[in-house]
Amino acid sequence: SVASVFCINERVAQQSFTLSAGESTQLKFEAPINATGFIEAFIELEDDEITRDNKRYISLNIPDEIPVLILYNNESDIRFVELALNVPGTTTSLKIDKRNVNQIASINLSKYKAIVLCGHPSEQNALKLKTFINNGGGVLLAPGSETSLQEFSSMLLTLGLKAPSSAVGQQD
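Criteria and thresholds
- Residues numbered from 1 in each chain as written.
- Predicted model: local features only at pLDDT ≥ 70, side-chain atom pairs only at ≥ 80, totals over all residues.
- Heavy atoms only, no water.
- Salt bridge = Lys/Arg side-chain N within 4 Å of Asp/Glu carboxyl O.
- Helix = DSSP H or I, 4+ residues; strand = E, 2+ residues; numbered from the N terminus.
- Buried < 20%, exposed > 50% of the residue type's maximum accessible area, 1.4 Å probe, protein only.
- Phe/Tyr/Trp six-rings, centres within 6.5 Å; stacked < 30°, edge-to-face > 60°.
- Pairing = 2+ DSSP bridges.
- Axes fitted to C-alpha atoms, helices over the stretch in contact; angles between N-to-C directions.
- Contact = heavy atoms within 4.5 Å.
- 1 Å grid on protein atoms, 1.4 Å probe; cavity = no way out; pocket = protein on both sides within 12 Å on 5 of 7 lines; lining within 4 Å.
- Points joined across faces, edges and corners; volume = space filled by probe spheres on them.
- Nonpolar A, V, L, I, M, F, W, Y, C, P; charged D, E, K, R; others polar.

On inspection of all chains with the given rule, the structure shows four salt bridges. With a closest N to O distance of 2.9 Å, Lys98 and Glu82 form a salt bridge. Of this pair, Lys98 sits in strand E6 (residues 93–100) while Glu82 sits in helix H1 (residues 79–85), placing them 16 residues apart in sequence. Given the relative accessible area of 22%, Glu82 is considered partly exposed.

In structure tokens:
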């Protein structure tokens, strides 16, 4: 059998699979969507004797912008992060705000979908970041140029993550 994914009435992905009577399976699809807003999509099975259950519909909301917060101790540490996040030719753009990590207490983190942290916040600010994570926010963590192994490990433990026991590379 073949399963096809259609977005805005255009086939964007398909996959072949084999099933015996009474079996089920899960299929994973990756498909480009070159539009924003509410997108109508459906999955359709081919080569099935019972045609009434061969289509399943879904609506997706692809935002025009995704709000991302970049936090830093030293602004020069985020240069490559900014380059990586500003990818030309993509449909959805990122709305990037940059702030010093010491400003976390005055920022409404819930308005962001993701946070990139290059550095180390205080324990109180790390707890606010932990709340953001527990509420479903995504975070990418990286030590900054001024971050010691002890500071980074302490932050990870505050966030409920496993801390590294040693560093790799040259240490000052």
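After that view, the rundown keeps rolling.
Note on aromatic pairs: each is described by the distance of the centres and the angle between the planes. For the structure on display, the rule yields two aromatic pairs. Taking 4.7 Å as the distance between ring centres and 10° as the angle between the ring planes, the aromatic pair formed by Phe6 and Phe42 counts as stacked. Note that Phe6 is positioned in strand E1 (residues 2–7) and Phe42 in strand E3 (residues 37–46), a separation of 36 residues in sequence. Side by side, Phe6 and Phe42 carry an identical accessibility label, which is buried. Taking the centre distance of 5.6 Å and the plane angle of 45° together, the rings of Phe42 and Tyr57 count as tilted.

Taken in spatial order, the four strands of this open sheet run E2-E1-E3-E4, and their pairing is antiparallel. Strands at the two margins of the open sheet, each flanked by one partner only, are strand E2 (10–16) and strand E4 (55–62). On average, adjacent strands in this sheet sit at an angle of 20° to one another, irrespective of strand direction. Relative to E3, E1 is paired through six bridges, and the arrangement is antiparallel. Opposite Phe6, over in E3, you have Phe42 as the bridge partner.

Strand order in the open sheet made by the four strands is E6-E5-E7-E8, with parallel pairing throughout. The open sheet has two free edges, formed respectively by E6 and strand E8 (138–142), since each of these has just one partner strand. In this sheet, adjacent strand axes meet at a mean angle of 20° when their direction is disregarded. Along the sheet, helix H2 (residues 123–134) makes contact with strand E7 (114–118) and E8, crossing E7 at roughly 145°.

All right, on to the layout of surface pockets then. Where empty space is left becomes clear once a probe the size of a water molecule has been rolled over the atoms. In this structure, the largest pocket encloses a volume near 440 Å³. Phe17, Leu19, Thr25, Leu45 and Asp48 are, among the 19 residues lining the largest pocket, the residues nearest its centre. Elements with a contribution of two residues or more to the lining of the largest pocket: E3 and E4. Here the residues of the lining of the largest pocket sort into seven nonpolar, six polar and six charged.

Scope: geometric values only; no functional claims are made or implied.
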